[in-house]
Amino acid sequence: YYGGENGYLPHLADETLNENKELAYSIGQSFQTQYAMKTERAEAILQFVQQWTEYGYDEDNVFMGGSAQEEWAWNADETAHRLDQDTATVAIGDCEDLAFLCGTIYVGAGFDAAIIDAPGHVALLIWLPEYDNADIYWNIPDDNRDAGWIWVESTGDSNPLGWTPTDYEDGQWTAYPLG
């Protein structure tokens, strides 16, 4: 179940951060080493996730005891371990799986990130007010910052960094900062 006190949003991200950080976080650290400029690093991370993941519905890809799972959420490390650059194997996941992976990588790369819980969708925001190509710069209430959060939509291979899908431009969603 995704919502409420015992739901996976936003708590599943904690399984791959802080004392639980492992593969996804270390991927982020490698991006921080490779890219000194934050804007280039942010674009490279999204391109990496888009290249090495594929969107797939849970009921088509997750089976437990022989039964298809209508709703399932993988944490970032579970998703990261399913991709393999050596064998050109992509990890398949739905929106929350890709958002958790992306979020953990961004945190490992030195970004502030927030999971977005939107109607029927999960995505990510990162704090990057200096990015020139975002269509909307978001403000998260009570974070003591002005607008400067940009949308990260990892569910398609052509979604650019900073592009907010039109269905979510109304801001009728909740952001959960990670870290």
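Quick summary incoming for the structure in this document. (Residues numbered from 1 in each chain as written. Predicted model: local features only at pLDDT ≥ 70, side-chain atom pairs only at ≥ 80, totals over all residues. Heavy atoms only, no water.)

1. Quick notes on the packing of helix α1 (residues 23-34) against helix α2 (residues 38-52)
- With their axes 10 Å apart at the nearest point, α1 and α2 run at an angle of 140 degrees to one another. As judged from the angle between their axes, α1 and α2 are oblique. In this structure, α1 crosses over α2, and the sense of that crossing is right-handed. Between α1 and α2, the contacting residues are Ile-27, Phe-31 and Gln-32 on the first element and Arg-41, Ala-44, Ile-45 and Phe-48 on the second.
- When grouped by side-chain class, the residues that make up the contact of α1 with α2 number five nonpolar, one polar and one charged. (Axes fitted to C-alpha atoms, helices over the stretch in contact; angles between N-to-C directions. Helix = DSSP H or I, 4+ residues; strand = E, 2+ residues; numbered from the N terminus. Parallel < 35°, antiparallel > 145°, perpendicular 65-115°, else oblique. Left-handed = near helix turned anticlockwise from the far one by under 90°. Contact = heavy atoms within 4.5 Å. Nonpolar A, V, L, I, M, F, W, Y, C, P; charged D, E, K, R; others polar.)

2. Side note on the pairing of strand β5 (residues 113-118)
- By the criterion of burial, β5 is predominantly enclosed, with six of the six residues buried.
- Along β5, one buried face is formed by Ala-113, Ile-115 and Asp-117 and the opposite face, lined by Ala-114, Ile-116 and Ala-118, is buried too.
- Of the pairings in the sheet, the one linking β5 to strand β6 (residues 121-127) comprises six bridges and is antiparallel in character. Note that in β6 the partner of Ile-115 across the bridge is Leu-124.
- Counting the residues between successive antiparallel strands, the hairpin from β5 to β6 contains two residues, one of them, Gly-120, with a positive phi of roughly 75 degrees.
- As paired elements, β5 and strand β8 (residues 174-177) share four bridges and run antiparallel to each other. (Buried < 20%, exposed > 50% of the residue type's maximum accessible area, 1.4 Å probe, protein only. Pairing = 2+ DSSP bridges.)

3. Brief notes about the environment of Asn-139
- Structurally, Asn-139 can be placed in the loop between β6 and β7 (149-152).
- Sequence separation between Asn-139 and Trp-149 is ten residues, and the spatial gap between their C-alpha atoms is 6.3 Å.
- Excluding its chain neighbours within four sequence positions, the residues that come into contact with Asn-139 are Arg-145, Asp-146, Ala-147 and Trp-149.

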